[in-house]
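# Coordinate inspection notes
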Amino acid sequence: MNYAFGSKAALVAALLERELERLAVRVWAEPLPVDTLEVAVAAALGSFLSEVRSDPRRYERLAELTALARASDALVDAARTESAAYRRMIAERLELWCAQRGVRLASPQVVVSAIHAAADGLAEWWLTTRDDAQVEAVIAVLAGGFARVATTQ
């Protein structure tokens, strides 16, 4: 397969990009609910985890591929590119949410990074535990931290 992509790094980058686009269509294409940031983040995390739960093996393989890419000098740029693209998608949804509510965030990039970290941690937790009984409570705790994010009109 390397011959079609020119290198292993190009193959990994193409796979990560394809999966990111797939995730974007299913999770991040919808605007965040025009409510509090806490409610919006909870909805986004819930949508994201629903996607993970719909095909756990796919996300386990994607997590393995991403970890492999991060650990390899030859592939680390592919992992960083995928992560940056993911944060851009979150930022676009967050910007739309701010525009709809007529507010500005004091530290939008911190919020984007926190949402990204919460989504990654939530997926890792669920893939490891498969604890459906606690999903809503875990999402509520993760999203609860966003209630303290400073906004201005």
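Criteria and thresholds
- Each residue is numbered by its place in its chain's sequence as written, counting from 1.
- At least 70 in pLDDT is required for a residue's local features to be given in this predicted model, at least 80 for side-chain atom pairs to be given and counted, and no such filter applies to totals for whole chains, interfaces and linings, which use all residues.
- Hydrogens are left out, water is left out, and the side-chain values use all remaining heavy atoms of the structure.
- Labels follow the DSSP assignment, with helices taken as runs of H or I lasting at least four residues and strands as runs of E lasting at least two, numbered in each case from the N terminus.
- In this treatment the radius of gyration is a C-alpha quantity, and the globule benchmark scales as 2.2 Å times the residue count to the 0.38 power.
- Residue burial is assigned from relative accessible area. The probe radius is 1.4 Å, only protein chains are included, and a residue is buried under 20% of its type maximum, exposed over 50%, and partly exposed in between.
- Any two residues having at least one pair of non-hydrogen atoms within 4.5 Å are treated as being in contact.
- Accessible areas in this description were obtained via Shrake-Rupley with a 1.4 Å probe; residue shielding takes into account the shown protein chains only.
- The sign given to each residue is positive for Lys and Arg and negative for Asp and Glu; His and the chain ends receive no count.
- Lysine's charge is taken at NZ, arginine's at CZ, aspartate's at CG and glutamate's at CD.
- The span expected for a helix works out to 1.5 Å for each residue beyond the first.
- It is the directions from the helix axis to the C-beta atoms that the arc portrays.
- As used in this record, nonpolar core signifies buried Ala, Val, Leu, Ile, Met, Phe, Trp, Tyr and Cys residues forming a set joined through side-chain atoms within 4.5 Å.
- We count a salt bridge whenever a side-chain nitrogen from Lys or Arg sits within 4 Å of a carboxyl oxygen from Asp or Glu.

## Some thoughts on the overall build of the protein
- When helices and strands are counted, the protein shows 7 helices and 2 strands.
- Counting from the amino terminus, helix and strand elements in the protein follow one another as α-α-α-α-α-β-α-α-β.
- In terms of overall dimensions, the protein is globule-like: its C-alpha atoms have a radius of gyration of 16 Å, near the 15 Å expected for 153 residues.
- Taking the principal axes of the C-alpha coordinates as reference, the protein spans close to 55 × 35 × 25 Å.
- Residues counted as buried form 38% of the 153 residues belonging to the protein.
- Long-range contacts, defined as pairs at least 24 residues apart, comprise 75% of the intrachain contacts of the protein with a sequence gap of at least 6.
- Within the structure as shown, the protein displays about 8,600 Å² of accessible surface, and the carbon and sulfur contribution to it stands at 54%.
- In the protein, 17 side chains carry a positive charge and 20 a negative one; their mean positions are 2 Å apart.

## Some details on the environment of Glu38
- Tracing the backbone through its elements, the reader meets Glu38 in helix H3 (residues 37-54).
- C-alpha separation for the pair Glu38 and Ala114, spaced 76 residues apart in sequence, amounts to 12 Å.
- Sequence-distant contacts of Glu38, defined by excluding residues within four places in its chain, comprise Ala140, Ala143, Gly144, Phe146 and Ala147.

## Focus on helix H6 (residues 108-129)
- Along its 22 residues, H6 runs 31 Å from first to last C-alpha, staying within 8% of the 32 Å computed at 1.5 Å per residue.
- Taken residue by residue, H6 has Val111, Val112, Ile115, His116, Ala118, Ala119, Leu122, Ala123, Trp126 and Leu127 as its buried positions. Axial view of H6: buried residues confined to an arc of 160 degrees, hence all on one face. Away from the buried face of H6 by more than 90 degrees, exposed residues Gln109, Val110, Ala117 and Thr128 are located.

## Describing the environment of Val41
- Among the secondary structure elements, Val41 is positioned in helix H3.
- Setting aside residues no more than four positions away along its own chain, Val41 makes contact with Ile115, Ala143 and Phe146.

## Looking at the nonpolar core
- In this structure, Leu37, Phe48, Val52, Tyr86, Leu94 and Trp97 are the most contacted members of the largest nonpolar core, which totals 44 residues.
- Put simply, the parts of the chain that give this core at least two residues each are helix H2 (8-28), H3, helix H4 (56-71), helix H5 (76-101), H6 and helix H7 (135-144).
- With 10 residues, H5 is the largest single contributor of residues to this core.

## Some points on the pattern of salt bridges
- A full pass over the atoms with the stated rule returns 8 salt bridges.
- Of the charged contacts in the structure, one is a salt bridge between Arg18 and Glu19, with a shortest N-O distance of 3.0 Å.
- Take Arg18: its relative accessible area is 47%, and that puts it in the partly exposed class.
- One connected set of salt bridges, linked through shared partners, spans Arg18, Glu19, Asp55 and Arg58.

Any functional reading would require information beyond the geometric quantities listed.
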